[in-house]
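Topology and contacts: notes
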Amino acid sequence: MATASRSCISLEVVEVNAPQSVAADTWTVAGRTFCSRLIVGTGKYKSFEENAAAVEASGAEIVTVAVRRVNIADPTQPMLTDFIDPKTITYLPNTAGCFTADEAVRTLRLAREAGGWKLVKLEVLGEAKTLYPDMRETLKATETLVSEGFEPMVYCVDDPIAARQLEEAGAVAIMPLGAPIGSGLGIQNRVTIRLIVEGANVPVLVDAGVGTASDAAVAMELGCDGVLMNTAIAEAKDPVMMARAMKSAVEAGRLAYLAGRMGKRRYADPSSPLAGLI
Amino acid sequence: MTEAAQEATICVTVNGEPRPVRGGSSVAAMLEAIGLDPRKVAVERNLEVVPRSTLGEVGVNDGDRFEIVHFVGGG
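Rules used throughout
Residues numbered from 1 in each chain as written. Chains lettered and ligands numbered in written order. Predicted model: local features only at pLDDT ≥ 70, side-chain atom pairs only at ≥ 80, totals over all residues. Heavy atoms only, no water. Helix = DSSP H or I, 4+ residues; strand = E, 2+ residues; numbered from the N terminus. Contact = heavy atoms within 4.5 Å. Lys, Arg positive; Asp, Glu negative; His and termini not counted. Charge placed at Lys NZ, Arg CZ, Asp CG, Glu CD. Axes fitted to C-alpha atoms, helices over the stretch in contact; angles between N-to-C directions. Parallel < 35°, antiparallel > 145°, perpendicular 65-115°, else oblique. Left-handed = near helix turned anticlockwise from the far one by under 90°. Buried area = accessible area lost by both parts, 1.4 Å probe. Salt bridge = Lys/Arg side-chain N within 4 Å of Asp/Glu carboxyl O. Pairing = 2+ DSSP bridges. Patch = residues over 30% accessible without salt bridge, like charges linked within 9 Å, V, L, I, M, F, W, Y side chains within 5 Å. Areas by Shrake-Rupley, 256 points an atom, 1.4 Å probe, with all protein chains shown as cover. Core = buried A, V, L, I, M, F, W, Y, C linked by side-chain atoms within 4.5 Å. Buried < 20%, exposed > 50% of the residue type's maximum accessible area, 1.4 Å probe, protein only.

1. Here's the deal with the overall build of chain B
Regarding its fold elements, chain B presents two helices and five strands. The helix and strand sequence of chain B, counted from the amino end, reads α-β-β-α-β-β-β. Along the first, second and third principal axes, the C-alpha atoms of chain B reach 50 × 25 × 20 Å. Once local pairs closer than 6 in sequence are excluded, the contacts in chain B between residues at least 24 apart make up 52%. Taking the average place of the 7 positive charges on the side chains of chain B and the average place of its 11 negative ones, the gap between the two points comes to 8 Å.

Shown next as structure tokens:
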């Protein structure tokens, strides 16, 4: 893809007396390969201009978008596609706001017609208060979408069994919440997110809950393939700067995961040698 | 409005609002009359998606219910 090289981390292995090898760290979902492991939403921004600048600063190659009625009263008002070009940034249509499988499937059928994309994000919500997913409806919608040729990336609870069932139903990515949507509480459930990562054969992305850069790094350190966020960037005092921070955090967390962290000890272990003390 | 023109006007629902449309219009003609670029929207007619390639052929009938959507910012 045209933009594939712009945010790849180079994994340089520098060894004495050995040629330098450089490999790009990429991830693949439903046959599409991306360098950036950060997916950003396009909601809650003050303006289209700010939104576009934040996407650029984040290095994201995928943005989530919603499907809504056109304003018939003013059909000339600017559209998102005028500011974020779907030819260079992959639009991932989302079913935010849908509370039944039927609503979600109907929305994505229209999204497919509007954009021509099979890669979609499914979320079927259970209640407005927590925006927790309704897994019964989510699984039902996943099965219908897969039977109609869609490739759904699926927002879900942090339940390794539910994640496995979604994967068996044909979900192309598993996207457990780290905390409720828009809460900014950070990754509340590291153990279950890790269990999902270990059990999955498709990409796992934390979707929802990230509040600041360290939260994104935590998600990546757990071995997730990526992180999806909206509010953490859009509601920052400086969204463009926060987008930069998130880009760095996702890359740092990814590198730390690949590097393999040190073991934890209960007591101190000096960094300087004990031998030769005066 | 003349009597003949009134006869030629049918009423449909677009995004939940009643809307008069010239009888015999295609969906593409209706979009044009509203001022919309068919390349930027998706159309559902009576709960069925109308493929973009057929917008010029599918006719608008009295009482049809349309949803016309596009992409907006979202999470």
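Don't stop here, the text continues.
2. Topic: the packing of helix α1 (residues 48-58) of chain A against helix α8 (residues 239-259) of chain A
Residues and elements named next belong to chain A. The geometry of α1 relative to α8 is characterised by a closest axis approach of 7 Å and an angle of 20° between their N-to-C directions. If you check the angle between α1 and α8, you find them roughly parallel. α8 is crossed by α1, and the crossing has right-handed handedness. Note on element contacts: α8 touches α1 through Pro239, Val240, Ala243, Arg244 and Lys247, opposite Glu50, Ala53, Ala54, Ala57 and Ser58.

3. Details of the interface of chain A and chain B
Listed as interface residues are 28 residues of chain A and, on the opposing side, 26 residues of chain B. For the pair chain A and chain B, the summed buried area comes to about 2500 Å², and 63% of that belongs to carbon and sulfur atoms. Together, Arg69, Ile72 and Glu113 of chain A form the three largest contributors to the area buried by chain A at its contact with chain B, with a combined 26%. On the surface where chain A and chain B come into contact, there are three salt bridges. Linking Asp82 of chain A and Lys40 of chain B is a salt bridge whose minimum nitrogen-to-oxygen distance equals 3.1 Å.

4. Some words on the pairing of strand β3 (residues 42-45) of chain B
Residues and elements named next belong to chain B. When β3 meets strand β5 (residues 65-73), the two strands line up antiparallel, connected through four bridges. Along β5, the bridge assignment pairs Val43 with Ile68. As paired strands, β3 and strand β4 (residues 48-50) are joined by three bridges and run antiparallel to one another. The partner of Arg45 across the bridge, within β4, is Glu48. In this structure, the hairpin formed by β3 and β4 is closed by a connection of two residues, where Asn46 is found at a positive phi of approximately 50°.

5. A short note on a nonpolar patch on the surface
Taken together, the side chains of Leu255, Tyr257 and Leu258 of chain A present a nonpolar region at the surface, about 230 Å² in accessible area. Along the chain, Tyr257 of chain A turns up in helix α8.

6. Considerations on the nonpolar core
Among the nonpolar cores identified, the biggest contains 68 residues, and Leu122, Ile174, Ile187, Val210, Met229, Ile233 and Met246 of chain A are the most heavily contacted of them. Looking at this core, the element that brings in the most residues is helix α2 (residues 101-115) of chain A, giving seven residues. Residues in contact with Met246 of chain A, not counting those within four places in the same chain, are Leu38, Val210, Gly211, Thr212, Ala213, Ala216, Met229, Ala232 and Ile233 of chain A. Within the second largest apolar cluster, 18 residues are counted, among which are Val12, Met30, Leu31 and Phe66 of chain B.

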